[in-house]
Amino acid sequence: MTRFKQHYEEWLQENLDKEKNPRRRELLTKGLGHGTVEFLRSVWFPAVGNLNHLLPEWEVRDLSMNQNSVNSWSSLLLGSLSPPTYLPPYLG
């Protein structure tokens, strides 16, 4: 098992264990999208060396108010940064 794969699986399991919201748990159980994992594997992990303080998979509403699961690196939030100005009601 690669170093990234080991860190990734531990990080995802840790987030699953902590998650109380059933909808977010469901999304995390399905796993992250291919693009997100590739970003973490080929860009984030080599540059930073860990996945600490990242929060995966935020569900957002687009302008037409359709609910979408965002599977992109932009949906990863750094815990050390200030929280977004808007959180959907179930995340707030």
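What this report covers is the structure whose coordinates are included nearby.

Rules of the game
Residues numbered from 1 in each chain as written. Predicted model: local features only at pLDDT ≥ 70, side-chain atom pairs only at ≥ 80, totals over all residues. Heavy atoms only, no water. Helix = DSSP H or I, 4+ residues; strand = E, 2+ residues; numbered from the N terminus. Buried < 20%, exposed > 50% of the residue type's maximum accessible area, 1.4 Å probe, protein only. Contact = heavy atoms within 4.5 Å. Areas by Shrake-Rupley, 256 points an atom, 1.4 Å probe, with all protein chains shown as cover. Salt bridge = Lys/Arg side-chain N within 4 Å of Asp/Glu carboxyl O. Phe/Tyr/Trp six-rings, centres within 6.5 Å; stacked < 30°, edge-to-face > 60°. Axes fitted to C-alpha atoms, helices over the stretch in contact; angles between N-to-C directions. Parallel < 35°, antiparallel > 145°, perpendicular 65-115°, else oblique. Left-handed = near helix turned anticlockwise from the far one by under 90°. Nonpolar A, V, L, I, M, F, W, Y, C, P; charged D, E, K, R; others polar.

Some remarks on the overall build of the protein chain
The helix and strand tally for the protein chain stands at three helices and four strands. Traced from its N-terminal end to its C-terminal end, the protein chain shows the element sequence α-α-α-β-β-β-β. Across the 92 residues that make up the protein chain, the buried fraction comes to 32%. Here the contacts in the protein chain between residues at least 6 apart in sequence split such that 55% fall between residues at least 24 apart. As displayed, the protein chain offers around 6300 Å² of accessible surface, 56% of which is attributable to carbon and sulfur atoms.

Structural notes on the pattern of salt bridges
All chains considered together, the criterion is met by six salt bridges. Taking the shortest distance from any N to any O, the salt bridge between R24 and E19 comes out at 3.0 Å. Each member of the pair, R24 together with E19, is buried. Each of R23, E26 and K30 takes part in salt bridges that share partners, so that together they form one network.

Structural notes on the packing of aromatic side chains
Overall, the coordinates contain three aromatic pairs when judged by the stated rule. Relative to Y8, the ring of F4 lies with its centre 5.7 Å away and its plane at 25 degrees, an arrangement referred to as stacked. Residue F4 and its partner Y8 are both found in helix α1 (residues 3-18); the two are separated by four residues, about one turn of the helix. Look at F4 and you get buried, because its relative accessible area is 10%. With a centroid separation of 5.5 Å and 70 degrees between ring planes, the pair formed by F4 and F45 is classed as edge-to-face. With F4 in helix α1 and F45 in helix α3 (residues 34-48), this pair connects stretches of sequence that are 41 residues apart. Through a chain of ring-to-ring contacts, the aromatic side chains of F4, Y8, W11 and F45 assemble into a single cluster.

Details of the packing of α1 against helix α2 (residues 22-30)
Between α1 and α2, the least distance of the axes is 9 Å, while the angle of their chain directions is 160 degrees. It follows that α1 is roughly antiparallel to α2 by the angle criterion. Like other packed secondary-structure pairs, α1 and α2 cross with a definite hand, here left-handed. When α1 is examined against α2, the residues L12, N15, L16 and D17 are found in contact with a partner set consisting of R25, L28 and T29. Across the contact of α1 with α2, the residue classes break down as three nonpolar, two polar and two charged.

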